[in-house]
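# Coordinate analysis (summary)
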Amino acid sequence: AVGQFNQQIAQQNLNPDITDILPSSLRVARYLNEVARLSTRLVDYHESLENISDTGIKQNVFHFKKDISELLHECRIEKESDSDSEPARKILRKLEHNYQSLKSDILNAATSGRLDAAESVTLLDAISHLRRLAEQAEKSSSYWSSMLPIRARGASAAIKTKTQV
């Protein structure tokens, strides 16, 4: 529906600036659609993420989920919010490092017998799913920010700085 709307809008005699934004708006819509689709599947992984037999991995998964929650909060698109996507990119880099470490921990636990094979496969699928959700959210934030006029980027940060002086 968004794609058809964009095509209809693009066929109108519009300001070139608006026409240039349409492909990016379609991209943001696709990323947000993917975030929504991935979110609906989170319930499938809830039990396996909550009932992990290895306490160390359970704690690392808890922190991984907490970081994803922080990233999703950073990626929210609100009228009055800061539109700078750099904080989300930083969190995503941290998440990527933690994901690789957690994945390695799960594989090591499986080979050493601390996790059975089925549990480790389910956990690997679950954290991969969470990682993809985080990546799509960050991409939507990044492209959304790039569509905004430069004067609007970081506006709330500038307001905060002025009020603190």
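Everything below is about the structure printed above this text.
We now turn to the structure provided with this report.

Definitions and limits used
- Residues numbered from 1 in each chain as written.
- Predicted model: local features only at pLDDT ≥ 70, side-chain atom pairs only at ≥ 80, totals over all residues.
- Heavy atoms only, no water.
- Helix = DSSP H or I, 4+ residues; strand = E, 2+ residues; numbered from the N terminus.
- Buried < 20%, exposed > 50% of the residue type's maximum accessible area, 1.4 Å probe, protein only.
- Areas by Shrake-Rupley, 256 points an atom, 1.4 Å probe, with all protein chains shown as cover.
- Salt bridge = Lys/Arg side-chain N within 4 Å of Asp/Glu carboxyl O.
- Core = buried A, V, L, I, M, F, W, Y, C linked by side-chain atoms within 4.5 Å.
- Contact = heavy atoms within 4.5 Å.
- Expected span 1.5 Å × (residues − 1).
- Arc of directions from axis to C-beta.
- Polar contact = N/O pair within 3.5 Å; in protein donor to acceptor, adjacent residues only side chain to side chain.

## Overview of the overall build of the protein
Secondary structure assignment for the protein yields seven helices and zero strands. Along the protein, from the amino end to the carboxyl end, the secondary structure elements read α-α-α-α-α-α-α. When each of the 165 residues of the protein is scored for burial, the buried share is 30%. Carbon and sulfur atoms make up 53% of the accessible area of the protein, which amounts to about 10,600 Å² in all.

## Regarding the pattern of salt bridges
Taken as a whole and assessed by the stated rule, the structure comprises 10 salt bridges. As a salt-bridge pair, E96 and R131 come within 2.8 Å of each other at their nearest N and O atoms. With E96 in helix α5 (residues 86-112) and R131 in helix α6 (residues 117-147), the pair connects residues that are 35 residues apart, well separated along the chain. Given the relative accessible area of 24%, R131 is considered partly exposed.

## Re the nonpolar core
Grouped together as the largest cluster of nonpolar side chains are 28 residues, with contacts concentrated most on I57, F64, L71, L95 and I106. Sorting the residues of this core by element identifies α2 (16-40), α3 (42-50), α4 (55-74), α5 and α6 as the ones contributing at least two each. Excluding residues within four positions of it along the chain, I106 makes contact with I57, L115, S120, L123, L124 and I127.

## So, α4
For α4, built from 20 residues, the straight-helix expectation of 28 Å at 1.5 Å per residue is met to within 8% by its first-to-last C-alpha distance of 29 Å. Of the residues making up α4, those classed as buried are I57, V61, F64, D67, I68 and L71. For α4, the arc enclosing every buried residue in end-on projection is 120 degrees, short of the 170-degree limit, so these residues lie on one face. In α4, the exposed positions angled more than 90 degrees off the buried face are occupied by T55, F62 and K66. At its buried positions, α4 is contacted by α3, α5 and α6. The backbone nitrogen of G56 has a side-chain oxygen 3.1 Å away, supplied by the residue at the start of α4, namely D54.

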